[in-house]
Amino acid sequence: MDVRRRPPKPSHRNHHLQHHPQRASSAALRRSPSPAPKASDALPLPLYLTNGIFFTLFFSVAYYLLHRWRDKIRNSTPLHVVTLSELAAILSLIASFIYLLGFFGIDFVQSFIARASHDAWDIEDEEENSRFLLDEDRRPRRRPVPCPAALDNSSISAPVSNFMDPPVSLPSQDDEDLVKSVVSGDIPSYSLESRLGDCYRAASVRREAVQRITGRSLTGLPLDGFDYQSILGQCCEMPIGYVQIPVGIAGPLLLNGCEYSVPMATTEGCLVASTNRGCKAIYASGGATSILFRDGMTRAPVVKFPTASRASELFFFLEDPANFDTLAMVFNKSSRFARLQKIQCSLAGRNLYIRFSCGTGDAMGMNMVSKGVQNVLEFLQDEFPDMDVVGISGNFCSDKKPAAVNWIQGRGKSVVCEAMISGEVVEKVLKTSVSALVELNTIKNLTGSAIAGSLGGFNAHAANIVSAIFIATGQDPAQNIESSHCITMMEAINDGKDIHVSVTMPCIEVGTVGGGTQLASQSACLNLLGVKGACRESPAANSRLLANIVAGSVLAGELSLMSAIAAGQLVKSHMKYNRSSRDMSTITS
């Protein structure tokens, strides 16, 4: 059995040694020792003959001893009384067993030794190359971190655990060759992660290829300083860098007796400052109260039948309360957190739209509810074999689109948040009056939005705050569309001295696990709010608290912006804080 050595790595560092023969020769001496010894070199006889002798000896003496012990049992002779021949047989059995055990363990030992030797050579090569690079230009080079397998595994034969080994499909290509292959189309850009096993290097190669293909520079788009492994297969495909969005803090927001510092990722000037002023007004008036009154994510597949009458049969079957428990049991098998709440159907000819609503724990829940819906559809297929599933989503959900069904029935978390702001705070902090706020809210947010035919947009700028918090905490930014549905109410109380402010948001779609919440920056923002991850003690508690914080922040933002408009400060503040003083003529593309 030969000692096997791993093939030398096709390192892109070795091309530096070509210009330094002495270094190359010394490195070659370390990587090219004398011919590898064989395990059989330590044996006096050929390996196959030695193995045959010990196999024969082991089974022969085992048979002899078993035969002798059987005779002793028949003759009532004590087993511990042994003859000289029996003693020799026992020793031979032990010796042959030790040999065979050692023989079968040789492969493991040799592979371990070979790996250790290979790692030692790698360390020496790293030291040699590091000294050369530092001597050459005094610039240390970043060593990329290897990552697990990417989405496409068709181009490699090695398992995921072997991605720290040299890429099998690219034995001799360096980064320049890779870039040329991507540009020419010989290597698909999406397969770089799986081919290289190095997410950073894949992003770097892809970035350079994009610049050459488009002829446009990506200078200014950062590449370093991001963990590309963390987004692999879950957040973004074919990355070439990342976008920097500043994160500001508004608060403290006093909500339900607790204080929260709210992270907001935005590039709009005045937004964080305005929200912060609203938080200050709420805090000075004793805080806000937020109540979550509904929690259910929806998915609505569309199915088709040969006739409308046949589609109506499924309609009545699904809406029959007697069938709900069975359907709920089938649905809930998809997850330990998924709990079917209700089913709503709508007919359009021979097409049936089925809107499922379920609880999803601390996850936003789109994948969870989709899995449950798939289970129910498979179950219904047995009862209605002529049912044709046109799509898992028929837009009756409705996801990432403004829809009256969400505005009326809710989707995700439905929250109402209120605060009573004293007239003194309105005047000193918000710089306006109670009567001016009430009048502006009626004419702008209610009447103005109605004239515009607004759908769920009876507010000043709820989407601003929702988007900023969504981006900071790793939510799906596209769900800002329905999550920003909001109606802002302002009423004078206590004989017009104070004001009651509220926001009602029927579809805040947030989660604290899954998706972008797992990324380091977004996870840190969730941790700042105290809602990171899943709540083990009370499932869904963290996601519900996050929805309450979003609503409380929207309340603060609404209060501050409306005050700025009522006091005539909006244009002035934006001209001061939302305009860059940078001379753009000096910036070249």
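Residues numbered from 1 in each chain as written. Predicted model: local features only at pLDDT ≥ 70, side-chain atom pairs only at ≥ 80, totals over all residues. Heavy atoms only, no water.

> Describe in detail unusual backbone geometry, supporting the description with residues and values.
The omega torsion of the bond from G251 to P252 falls at 10°, within 30 degrees of zero and hence cis. By the element assignment, P252 lies in strand β1 (residues 247–255). Residue S398 is bonded to the preceding C397 through a cis peptide linkage, with omega at -5°. With respect to the secondary-structure elements, S398 resides in the loop between β7 (388–391) and α11 (404–409). A positive phi angle is found at N256, which is not glycine, with a value near 50°. Note that N256 resides in the loop between β1 and β2 (258–265). Residue N256 is classed as partly exposed on the basis of its relative accessible area of 38%. (Helix = DSSP H or I, 4+ residues; strand = E, 2+ residues; numbered from the N terminus. Buried < 20%, exposed > 50% of the residue type's maximum accessible area, 1.4 Å probe, protein only.)

> Just give me the short version of the pattern of salt bridges, but keep the residues and values in it.
As enumerated under the stated definition, the model contains 14 salt bridges in all. Between E193 and R206 there is a salt bridge whose closest N-O contact spans 2.8 Å. Residue E193 is found in helix α5 (residues 192–196), and its partner R206 is found in helix α6 (residues 199–214); the two are separated by 13 residues along the sequence. A residue is classified by how much of its surface remains accessible, and E193, at 4% relative accessible area, is buried. R206 sits in the buried class, given a relative accessible area of 2%. Across the pair R310 and D386 runs a salt bridge whose closest N-O atoms are separated by 2.8 Å. Taken together, the residues span a long stretch of sequence, with R310 in helix α8 (residues 308–319) and D386 in the loop between α10 (366–383) and β7 at a distance of 76 residues. Members of the salt-bridge network, linked through shared partners, are D399, R411, E482 and E509. (Salt bridge = Lys/Arg side-chain N within 4 Å of Asp/Glu carboxyl O.)

> Report on the pairing of β1, specifying residues and quantitative values.
Both β1 and β2 contribute to a ladder of seven bridges, which runs antiparallel. Each bridged residue has a counterpart across the sheet, and for A250 the counterpart in β2 is V262. Linking two consecutive strands that pair antiparallel, namely β1 and β2, is a turn of two residues; a positive phi of about 50° is found at N256 within it. (Pairing = 2+ DSSP bridges.)

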